[in-house]
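# Descriptive structure summary
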Amino acid sequence: DGGITQSPKYLFRKEGQNVTLSCEQNLNHDAMYWYRQDPGQGLRLIYYSQIVNDFQKGDIAEGYSVSREKKESFPLTVTSAQKNPTAFYLCASIPRGTGWAGELFFGEGSRLTVL
Amino acid sequence: DQQVKQNSPSLSVQEGRISILNCDYTNSMFDYFLWYKKYPAEGPTFLISISSIKDKNEDGRFTVFLNKSAKHLSLHIVPSQPGDSAVYFCAASFNNNDMRFGAGTRLTVKP
């Protein structure tokens, strides 16, 4: 079945450590996105990529980094520079041509907890 | 800067009755609006959408209403079912460049 796979589902990190969240899709979608969800807040955009080897910062990119070496993969690294990384992270994708005027397909999310 | 607001964090209704979830936005440039449904520990799934050129879109038990002059949209669920219990996010986009989400409303449908 086609879909978006995020791993790990749960992750614990010590302060000062970098951690990478995986996002893989087999939907043949061109654009991929990373969102962060905090209690009482909407989904906030961290980074997005419309095409391989290209990506743009979203509203809250500080302390995060991404890469897009393959169409299927868009990993997110939460660096030690991110001051409050404990959150639920969601990866999403959308086919080319749809732009934002269409529904995003989301993965099941990764919950990161900093100890 | 929250351009999309869902002012009710939670809503509780009886099974079989109508659920009305509300959403307000501030940016008049938004031209497409969507509702997503989210269960715990899962990603949101698309529910229904509406273009700014329409004022109503219906899909089975779900209807979305858009009032552009008031910058307000609402999602009606009739009749509500216990399986509808979830968090509902309102989202808005403009010019194919961005999508903004509200904070979500947790709907509980009691049997």
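Summarised in this report is the structure supplied together with it. Every chain is numbered on its own, with residues counted from 1 as its sequence reads. All chains are assigned letters beginning with A, and all ligands numbers beginning with 1, in the order in which they are written. Only residues with pLDDT of at least 70 are given local features in this predicted model, and only at 80 or more are side-chain atom pairs given and counted; all residues enter the totals for whole chains, interfaces and linings. In computing side-chain values, all of the structure's heavy atoms are included and hydrogens and water are not.

### Re the interface of chain A and chain B
We call two residues contacting when some pair of their heavy atoms lies within 4.5 Å. Each partner contributes to the interface: chain A provides 22 residues, whereas chain B provides 19 residues. Each reported salt bridge corresponds to a side-chain nitrogen of Lys or Arg within 4 Å of a carboxyl oxygen of Asp or Glu. Remark: the boundary between chain A and chain B carries one salt bridge. For this analysis, a polar contact is any N or O atom pair within 3.5 Å, provided that within protein one partner can donate a hydrogen and the other can accept it, and provided that sequence-adjacent residues contribute only side-chain to side-chain pairs. Along the contact surface separating chain A from chain B lie three residue pairs in polar contact (both at pLDDT 80 or more). Where the side of chain A that touches chain B is concerned, the elements lending two or more residues are strand E4 (31-37), strand E5 (43-51) and strand E9 (87-94) of chain A. Under this grouping Gly is polar, as are all residues other than the nonpolar Ala, Val, Leu, Ile, Met, Phe, Trp, Tyr, Cys and Pro and the charged Asp, Glu, Lys and Arg. When its residues are assigned to classes, the side of chain A that touches chain B shows 10 nonpolar, eight polar and four charged. Numbered from the N terminus, helices here are DSSP runs of H or I no shorter than four residues, and strands are runs of E no shorter than two.

### Examining the pattern of salt bridges
Residues and elements named next belong to chain A. Taken as a whole and judged by the stated rule, the model has seven salt bridges over all chains. With a closest N to O distance of 3.1 Å, Lys 9 and Glu 108 form a salt bridge. In this pair, Lys 9 sits in the loop between strand E1 (4-7) and strand E2 (10-13) while Glu 108 sits in the loop between strand E10 (105-106) and strand E11 (110-114), placing the two residues 99 residues apart along the sequence. Here Asp 38 and Arg 44 are joined by a salt bridge, their closest N and O atoms 2.8 Å apart. Linked by salt bridges that have partners in common, Arg 36, Asp 38 and Arg 44 make up one network.

By themselves these figures say nothing about function.
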